[in-house]
Amino acid sequence: MWPFSTSNSVPVASLRDLDEGYDYVIVGGGTAGCVLANRLSANLQNKVLLVERGPANVSWTSRIPLFSANFAADHRLARKLESEEEPVVGKAVEIFQGNALGGSTQINHMFYTRGPSGQYDRWERSGAKGWGFKSLLPYFIKAERAEYDASPSVRGSNGGWINRQNGPFFYSSFEHSVQACQALGLSHIPDVNDPQNVPVGWATIPVTRDANQHRHSTFWAFLPPALMQARKNNLHVLLNTIVERLIMEKEGDQLVVRSVALGPTDGQADGGASVEVRVRREAVICAGTFGSPRILVLGGIGPSEHLNDMGISVLQELPVGENLVNTSLCYDPRYLDKCRYSKTTSACLYDSILRTSRQPLYFIWEVLRYFLFGTGVLLAPVVQMAIFACTALLDKHSVPRQEKKPEIDSVPDLEIMPLAHAHGLAEKDATRGGFAFLTVLLTPESKGSVRLRNNDPRATPRISFNYLSAPSDRIRMGHGLRLALRLARGLRQQGYQLEPAEAPPLDAEISDDTLDRQIAEQGCTTYHYTSTCALGSVVDNDLIVKGTRNLRFADASVFPEVLACHLQAPVVAVAEKCADMMLSTHQSDALLK
């Protein structure tokens, strides 16, 4: 488990030493960018440039799951933004994104979930030909290596990106949560990533950790330092650099990207001068749901009214930056009942991650346990299971209907995660642990937008989520919160004592008005942002920006809707498919010549 190494130096290029041109220019070295860099540079004849706005972090703490997931406290791998003030919650919403090679896979909770097959099939029925689940399945399989008992017909075993089950439940609250699910008629999902299983019920969630129990980001899976070193002649990686603009020309009735203008992220490194690099074949943008539309609009492609307001010439009218979706989350925090395990105050912490911050000797033991045996709390077992539900299958009391069962193509719109921690409660009583049911609206109908603040490429964008603005979102979130409260009641009925933190205490029979206040006060984001450059409206089914010849997008911004899952696995599948299409295009061109 020893994470220290002296062989992790990353070969990087500088603005002053770049080639005059590259076959492929990849903008964004995050979740998708690392996959694309690997696949496009595999042929050593291809000259590839990868541009990343952040650094390459190879520190040992970035490999330890618990440490690296604390992105709100440690901003070395994360970039923090804020939305505009959200009317429903009356405040701006904090936004965090990965800001290093590997992107958000360097800071997330490592959950590997593909999403329900029925949702991809809905995309295809809506016109996204080639984006149904059967079409994407080979790309999921190609990328992954599932190191647990899984169906070989739908799960990968030879890919470079490892996922595994989290092992036995670390906290007893999870086992009690399973029993509460069973009492409500929620069935077990044997493998949440197997499309042959009904996607409604409770499941353990696989995580992306390697054989040494290190975080397995797409950086370490697809673009590790050793691979970068081996391909340093045909793959150039440029860090701490942004694309200032795309230089495009009209050729017939299409726009062609001729070059990209690059500059240091801070505007000062390498003398602060911009450098133009020619694009010989294609540019592919994978700068994320906020970064990708920004680059396109700065280049003159977007809503004409917004471009005119920013003083940018309109090259192509497209709804870039529209349709922003983010999953909504509402905590249901609880205290663990005081001293349930023994007469000593400290025993109250045994079933909570808070014990690591309050008992130094315990924390030291857990550090040694991780380094020596690869086990323990440093694996970040704060969440090991999730409950997936459909509001359409709940009765008016938010109880699952037994007469109406989910089907294979059902799409859950709620996810409830038992959490051995409770945000915002630690300072109230240092003798208690915390527990919460994180209640997530997976498929919100509220839509927002991403806009330029001005035409400075380094300015942060204006982000408006319109969080919970659709009335149906608040109704469905209410069902989710009531279901979570029923699960909490189930834990108490088993003898697992939970003392509500709220005053007055919340209960499943909560009034609609109180429920609305709870949602508005506690509502926030789960950091799943999508759909600002969506398939069908901004890019075609080959991920090519409409009206252009050689500009593709490959990240969560292309999803027609937010997927009912954690997003890293679908983003990797999109990148795999994009790389395959790009390489096939130019192989075909070569044959025609």
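For clarity, every value in this text was computed on a predicted model and none was experimentally measured. (Residues numbered from 1 in each chain as written. Predicted model: local features only at pLDDT ≥ 70, side-chain atom pairs only at ≥ 80, totals over all residues. Heavy atoms only, no water.)

**Some thoughts on a nonpolar patch on the surface**
Then comes step 1: Residues Leu361, Ile364, Trp365, Leu368, Leu372 and Phe373 make up a contiguous nonpolar surface patch of roughly 700 Å² in combined accessible area.
Then comes step 2: Following the sequence through the fold, Trp365 ends up in helix α11 (residues 360–373). (Patch = residues over 30% accessible without salt bridge, like charges linked within 9 Å, V, L, I, M, F, W, Y side chains within 5 Å. Areas by Shrake-Rupley, 256 points an atom, 1.4 Å probe, with all protein chains shown as cover. Salt bridge = Lys/Arg side-chain N within 4 Å of Asp/Glu carboxyl O. Helix = DSSP H or I, 4+ residues; strand = E, 2+ residues; numbered from the N terminus.)

**Focus on the pairing of strand β8 (residues 235–238)**
Then comes step 1: Covered by surrounding structure in β8 are Leu235 and Val237 together with His236 and Leu238, the residues of both alternating faces.
Then comes step 2: The pairing of strand β2 (residues 48–51) with β8 spans four bridges and is classified as parallel. Bridge pairing links Leu50 to Val237 in β8. (Buried < 20%, exposed > 50% of the residue type's maximum accessible area, 1.4 Å probe, protein only. Pairing = 2+ DSSP bridges.)

**Looking at helix α8 (residues 288–298)**
Then comes step 1: Extensive coverage of α8 is indicated by the burial of eleven of its eleven residues.
Then comes step 2: Within the span of α8, buried status applies to Gly288, Thr289, Phe290, Gly291, Ser292, Pro293, Arg294, Ile295, Leu296, Val297 and Leu298.

**Description of the environment of Gln518**
Then comes step 1: Within the secondary structure, Gln518 is located in helix α13 (residues 512–522).
Then comes step 2: Overall, the relative accessible area of 7% leaves Gln518 in the buried class.
Then comes step 3: Linking Gln518 and Gly478, residues 40 residues apart in sequence, is a C-alpha distance of 9.3 Å.

**What about the environment of Glu561?**
Then comes step 1: For Glu561, the position within the fold is in the loop between β22 (551–553) and α14 (568–592).
Then comes step 2: Here Glu561 falls in the partly exposed class, since its relative accessible area comes to 22%.
Then comes step 3: Note: C-alpha distance between Glu561 and Tyr148 (413 residues apart in sequence) is 30 Å.
Then comes step 4: If near-sequence neighbours (up to four positions away) are discounted, Glu561 is found in contact with Gln119, Arg122, Trp123, Thr530 and Ser531.
Then comes step 5: A polar side-chain atom of Glu561 sits 3.2 Å from a polar atom in the side chain of Trp123. (Contact = heavy atoms within 4.5 Å. Polar contact = N/O pair within 3.5 Å; in protein donor to acceptor, adjacent residues only side chain to side chain.)

**A few points about α11**
Then comes step 1: Over its 14 residues, α11 runs 20 Å from end to end, which matches the ideal 20 Å to within 8%, given 1.5 Å per residue.
Then comes step 2: For α11, the set of buried residues is Tyr362, Glu366, Val367, Tyr370 and Phe371.
Then comes step 3: Contacts from the buried residues of α11 go to α2 (65–68) and α10 (355–358).
Then comes step 4: One or two positions beyond α11, positive phi appears at Gly374, with a value near 70°. (Expected span 1.5 Å × (residues − 1).)

**Thoughts on the pattern of salt bridges**
Then comes step 1: Following the criterion strictly, the structure yields 26 salt bridges and no others.
Then comes step 2: A salt bridge links Arg280 to Asp23; the shortest N-O distance between them is 3.9 Å. With a gap of 257 residues between them, Arg280 in strand β11 (residues 275–285) and Asp23 in strand β1 (residues 21–27) connect regions that are remote in the sequence.
Then comes step 3: Across the pair Arg63 and Asp210 runs a salt bridge whose closest N-O atoms are separated by 3.2 Å. Residue Arg63 is located in the loop between β2 and α2, and its partner Asp210 is located in the loop between β7 (201–204) and α6 (218–222); the two are separated by 147 residues in the primary sequence. Grouping residues by exposure puts Arg63 and Asp210 together as buried.
Then comes step 4: Sharing partners across several salt bridges, the network here consists of Arg114, Glu144, Arg155 and Asp191.

**Quick look at the confidence of the model for the protein**
Then comes step 1: Residue-level pLDDT values for the protein average 90, and 90% of them are 70 or greater.
Then comes step 2: For the stretch residues 337–347, pLDDT sits under 50, and the model shows 20 contacts to residues farther than four places along the chain or on other chains. (pLDDT = per-residue confidence, 0-100.)

**Focus: the packing of aromatic side chains**
Then comes step 1: Tallying each qualifying case throughout the model produces 21 aromatic pairs.
Then comes step 2: Between Phe96 and Tyr527, the aromatic rings sit 6.1 Å apart at their centres with planes inclined by 75°, giving edge-to-face as the arrangement. Taken as a pair, Phe96 in strand β4 (residues 94–98) and Tyr527 in strand β21 (residues 524–530) lie far apart in primary sequence, 431 residues in all.
Then comes step 3: Judged by its relative accessible area of 5%, Phe96 is buried.
Then comes step 4: When its relative accessible area of 34% is taken as the criterion, Tyr527 is described as partly exposed. (Phe/Tyr/Trp six-rings, centres within 6.5 Å; stacked < 30°, edge-to-face > 60°.)

**Here's the deal with the packing of helix α3 (residues 117–125) against helix α4 (residues 133–143)**
Then comes step 1: Their axes nearest at 9 Å, the elements α3 and α4 cross at an angle of 120°. Here α3 is positioned oblique relative to α4, judged by the angle of their axes. In contact with Ser117, Tyr120, Asp121 and Glu124 of α3, α4 contributes Phe133, Ser135, Leu136 and Phe140.
Then comes step 2: Among the residues making up the contact of α3 with α4, the classes are represented as four nonpolar, two polar and two charged. (Axes fitted to C-alpha atoms, helices over the stretch in contact; angles between N-to-C directions. Parallel < 35°, antiparallel > 145°, perpendicular 65-115°, else oblique. Nonpolar A, V, L, I, M, F, W, Y, C, P; charged D, E, K, R; others polar.)

**Digging into unusual backbone geometry**
Then comes step 1: Positive phi, close to 65°, is recorded for Gln213, a residue that is not glycine.
Then comes step 2: Residue placement: Gln213 occurs in the loop between β7 and α6.
Then comes step 3: Although it is not a glycine, Ser531 sits at a positive phi angle of roughly 80°.
Then comes step 4: Looking at the secondary structure, you find Ser531 in the loop between β21 and β22.

**Focus on the nonpolar core**
Then comes step 1: In terms of nonpolar packing, the biggest core is built from 92 residues, with Leu36, Leu262 and Leu543 touching the most fellow members.
Then comes step 2: Looking at which element gives the most residues to this core, the answer is α14, with ten residues.
Then comes step 3: Counting residues in hydrophobic clusters, the runner-up holds 77 residues, among them Tyr331, Ala386, Leu394 and Val440. (Core = buried A, V, L, I, M, F, W, Y, C linked by side-chain atoms within 4.5 Å.)

**Topic: the packing of helix α5 (residues 172–183) against helix α12 (residues 471–493)**
Then comes step 1: Remark: α5 packs on α12, axes separated minimally by 9 Å, with the N-to-C direction vectors making an angle of 110°. Between α5 and α12, the angle falls in the class roughly perpendicular. Crossing angle aside, the handedness with which α5 passes α12 is right-handed. From α5, Ser173, His176, Ser177, Ala180 and Cys181 reach across to α12, where they touch Leu487, Gly490 and Leu491.
Then comes step 2: Across the contact of α5 with α12, the residue classes break down as four nonpolar, four polar and no charged. (Left-handed = near helix turned anticlockwise from the far one by under 90°.)

**Some details on the environment of His236**
Then comes step 1: Tracing the chain through its elements places His236 in strand β8.
Then comes step 2: Residues His236 and Ser41, spaced 195 residues apart in sequence, show a C-alpha to C-alpha distance of 9.6 Å.
Then comes step 3: Side-chain polar atoms of His236 contact the side chain of Tyr22, separated by 2.7 Å.

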